[in-house]
Amino acid sequence: MTNKEGRVIVITSGKGGVGKTTASANIATGLARMGYKVAMIDTDIGLRNLDILMGLENRIVYNLIDVIEGRCKLHQALVKDKRLPNLSLLPAAQTRDKSALQQDMMLKVCDELKQDMDFVIVDSPAGIEQGFQNAVVAASEAIVVVTPEMSSVRDADRIIGLLEAKEEMINYKLVINRVRPGMMKSNDMMDIDDVLDILSIKLLGIVPEDQDIIISTNKGEPIVSVDDSLAGQAYRNIARRVAGEDVPYLDLDAPASWMDKVKDFFGKKSRTA
Amino acid sequence: MGWLSKLFNLDTTVPSPAEETRRRTSSSGRSLDQSSKKDACNRLKLVLMHDRTKLSSETLEMMREELVEVISRYVEIDRDALELNLESDSNTIALVANIQLARREGDELRKNDLKSKKQIMKKDGDKKTVTPATS
């Protein structure tokens, strides 16, 4: 907010499909809603999706690779959010492959970007190879997204090992996504403590499984802006914690299990109908 | 036998050991009613031990064979009985070898298990602290 450099935070997971891009969109939007100047960078070259989640896919003129290869200035490539003027997106190139991005170039872009921003949120591609290395190179903080499933937790463990080895990484925390309180209660799913114990990492937040996420993705409006959504509330809390506030964790137990039952009931009805 | 005792029997019969084994070993038609969370945790912990130490089962087997070679130079051991496993408790991963000495005739030593524990890796419990820096 002042002339201080912004914080560069990478959102990563190892495994694909656990909700990295959704988390990026929602955390960035959540921080912007709080009044911070936020830029998102999609580093998933060739498989960009953050623009879709933000509903900005039709506004892209230039992209990250155009900036790197000198076809445009950084500010020209930044796509302003529809609703929040203090939020912008630096999209990935869709027609190139990941070899077009190099670590030193990424570092340069992030260095320039964080001069004007409070937060730079970097959405990392899946995997642990070059794409991941490009995404983390400029970050001093990381948010690891995991679902309470074996494959996701295993891949997150690899990622945490890589983050640990990185000297500039001062802070990394876990977001547990797609949590189903009902299944955790009946011991059919690893619970929050199991995951934290196995990965020995600090918790940033818990996001419940929520069908509304699919609807909000369809509309291109991050769920963090939907007031009566539980997942939205979870992301609002996460954004506040990222900003340094002390926010208690959501009690998913009571409302969610009740809501699950209702949703299950209607879900089953509509399937049989 | 009346229905009551039948019911009583049903409720309290403890399955015979044979039955128990049969039930446990029959893989077909098993229901998913037991809590699967424990399975996930245990399997995951084992996988992560191998991942973190970068020791695959094949590497362990190679080490096992070499250990057999080395120890055999000094003492007679039961080659197939040497077990080498990864074990973990909280933040420590240990490589545990259980080496059984071959029994010699007239040997007074009956319990001749030689257990050796070797710590190969320590996982630090408190990694870099992660308090969100205030802007």
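As the structure is a prediction and not an experimental result, all values here were calculated from the model.

*Asks:* Would you mind showing me how to read the overall build of chain B here?
*Replies:* On a plain count of helices and strands, chain B comes out with 4 helices and 3 strands. Counting the 135 residues in chain B, one finds 21% classified as buried. In chain B, 38% of the contacts between residues at least 6 apart in sequence involve partners at least 24 apart. For chain B, the exposed area adds up to about 10900 Å²; of that, 52% sits on carbon and sulfur atoms.

*Asks:* Can you help me understand the nonpolar core in this one?
*Replies:* Across soluble globular proteins, nonpolar side chains show a tendency to be buried alongside one another. Core analysis: the largest hydrophobic core is formed by 61 residues, its most contacted members being Ile41(A), Leu64(A), Leu90(A), Leu163(A) and Leu174(A). Beyond its immediate chain neighbours, meaning those up to four positions away, Leu64(A) contacts Ile41(A), Asp42(A), Ile45(A), Leu90(A), Pro91(A), Leu101(A), Met106(A) and Val109(A).

*Asks:* Got a minute to help me understand the pattern of salt bridges in this structure?
*Replies:* Side chains that differ in charge, positive against negative, can pair when their charged atoms come close. Residues and elements named next belong to chain A. By the definition in use, this model includes 17 salt bridges over all chains. We note a salt bridge from Arg48 to Asp51, for which the minimum N-O separation is 3.3 Å. A salt bridge links Glu209 to Arg178; the nearest nitrogen and oxygen atoms lie 3.9 Å apart. In this pair, Glu209 is assigned in the loop between strand S8 (203–208) and helix H10 (212–219) and Arg178 in strand S7 (residues 171–179), connecting sequence segments 31 residues apart. Given a relative accessible area of 33%, Arg178 falls into the partly exposed group.

*Asks:* What exactly am I supposed to notice about the interface of chain B and chain A here?
*Replies:* When the parts come together, some accessible area is lost, and that loss is often what is quoted as the size of the interface. Every contact between the two is made by 23 residues of chain B and, on the other side, 32 residues of chain A. Carbon and sulfur atoms supply 53% of the area that chain B and chain A bury against each other, a total of about 2500 Å² over both sides. One salt bridge connects Lys37(B) with Asp194(A), and the closest N-O pair in it is separated by 3.1 Å. Applying the counting rule to chain B against chain A returns 8 residue pairs in polar contact (both at pLDDT 80 or more). Per-class residue counts for the side of chain B that touches chain A are 8 nonpolar, 7 polar and 8 charged.

*Asks:* Is there a simple way to explain the confidence of the model for chain A in this structure?
*Replies:* Low pLDDT means the predicted coordinates in that region are not meant to be read closely. Looking at chain A as a whole, the pLDDT averages 91, with 91% of positions reaching at least 70. The low-confidence segment residues 268–273 of chain A (pLDDT under 50) makes 0 contacts with residues lying over four places distant or belonging to another chain.

*Asks:* Is there a simple way to think about the packing of helix H9 (residues 192–199) of chain A against helix H3 (residues 37–53) of chain B in this case?
*Replies:* For any two helices packed against each other, one specifies the crossing angle of their axes together with the interaxial distance. Two elements in contact, H9(A) and H3(B), have axes whose closest approach is 11 Å; the angle formed by their N-to-C orientations is 15 degrees. Considered as vectors, H9(A) and H3(B) are oriented roughly parallel to each other. Like other packed secondary-structure pairs, H9(A) and H3(B) cross with a definite hand, here right-handed. Residue-level contacts link Asp194(A), Asp197(A), Ile198(A) and Leu199(A) of H9(A) to Lys37(B), Cys41(B), Leu44(B), Lys45(B), Leu48(B) and Arg52(B) of H3(B). Across the contact of H9(A) with H3(B), the residue classes tally to 5 nonpolar, no polar and 5 charged.

*Asks:* When you look at unusual backbone geometry in this model, what are you seeing that I'm missing?
*Replies:* Most peptide bonds adopt trans geometry, and most residues besides glycine take a negative phi value. The backbone phi angle of Ser200(A) is positive, close to 35 degrees, even though this residue is not glycine. Note on placement: Ser200(A) falls in the loop between H9 and S8. Classification of Ser200(A) by relative accessible area gives partly exposed; the value is 23%. Backbone geometry places Lys54(B), a non-glycine residue, at a positive phi of 55 degrees. Mapped onto the elements of the fold, Lys54(B) is located in the loop between H3 and helix H4 (57–74). For Lys54(B), a relative accessible area of 73% gives the class exposed.

*Asks:* Mind showing me how you'd approach empty space enclosed by the protein here?
*Replies:* Which parts of space are left empty comes out when a probe the size of a water molecule is rolled across the atoms. Residue and element names in this part refer to chain A. Scanning the entire structure with this criterion turns up 4 cavities of 30 Å³ or more. Surrounding the largest cavity, 11 residues form its lining, Glu141, Ile143, Asn171, Leu204 and Val242 being those nearest its centre. Mapped by element, the contributors of at least two residues to the lining of the largest cavity are strand S1 (7–12), strand S6 (141–146), S7 and helix H11 (230–242). Of all the elements, S6 adds the most residues to the lining of the largest cavity, at 3 residues. In terms of residue class, the lining of the largest cavity is made up of 6 nonpolar, 1 polar and 4 charged.

*Asks:* Would you mind showing me how to read the side chain of Arg236(A) here?
*Replies:* Residue and element names in this part refer to chain A. In this structure, Arg236 sits in helix H11. No salt bridge is formed by the buried Arg236, whose closest oppositely charged neighbour, Asp227, lies at an N-O distance of 4.2 Å. With residues up to four places along the chain from it excluded, the contact list for Arg236 reads Arg33, Ile223, Val224, Val226, Asp227 and Ser229.

*Asks:* Can you walk me through the sheet that holds S6(A) in this structure?
*Replies:* Backbone-to-backbone hydrogen bonds join strands into a sheet, with any given pair of strands oriented parallel or antiparallel. Residue and element names in this part refer to chain A. Taking strand neighbours across the sheet as the criterion, the 8 strands line up as S3-S4-S2-S5-S1-S6-S7-S8 in an open arrangement whose pairing is mixed. The open sheet has two edge strands, strand S3 (79–80) and S8, and neither has a second partner. Sheet topology places S6 next to S7; 6 bridges connect them, and they run parallel. Bridge pairing in S7 places Ala142 opposite Tyr172. The strands touched by helix H1 (residues 20–33) are S1, strand S2 (38–42), strand S4 (87–90), strand S5 (119–123) and S6; relative to S5, the strand with the most contacts, the crossing angle is about 170 degrees. Those strands touched by H9 are S6, S7 and S8, and its axis lies near 145 degrees from that of S7.

Rules used throughout
Residues numbered from 1 in each chain as written. Chains lettered and ligands numbered in written order. Predicted model: local features only at pLDDT ≥ 70, side-chain atom pairs only at ≥ 80, totals over all residues. Heavy atoms only, no water. Helix = DSSP H or I, 4+ residues; strand = E, 2+ residues; numbered from the N terminus. Buried < 20%, exposed > 50% of the residue type's maximum accessible area, 1.4 Å probe, protein only. Contact = heavy atoms within 4.5 Å. Areas by Shrake-Rupley, 256 points an atom, 1.4 Å probe, with all protein chains shown as cover. Core = buried A, V, L, I, M, F, W, Y, C linked by side-chain atoms within 4.5 Å. Salt bridge = Lys/Arg side-chain N within 4 Å of Asp/Glu carboxyl O. Buried area = accessible area lost by both parts, 1.4 Å probe. Polar contact = N/O pair within 3.5 Å; in protein donor to acceptor, adjacent residues only side chain to side chain. Nonpolar A, V, L, I, M, F, W, Y, C, P; charged D, E, K, R; others polar. pLDDT = per-residue confidence, 0-100. Axes fitted to C-alpha atoms, helices over the stretch in contact; angles between N-to-C directions. Parallel < 35°, antiparallel > 145°, perpendicular 65-115°, else oblique. Left-handed = near helix turned anticlockwise from the far one by under 90°. 1 Å grid on protein atoms, 1.4 Å probe; cavity = no way out; pocket = protein on both sides within 12 Å on 5 of 7 lines; lining within 4 Å. Points joined across faces, edges and corners; volume = space filled by probe spheres on them. Lys, Arg positive; Asp, Glu negative; His and termini not counted. Pairing = 2+ DSSP bridges.

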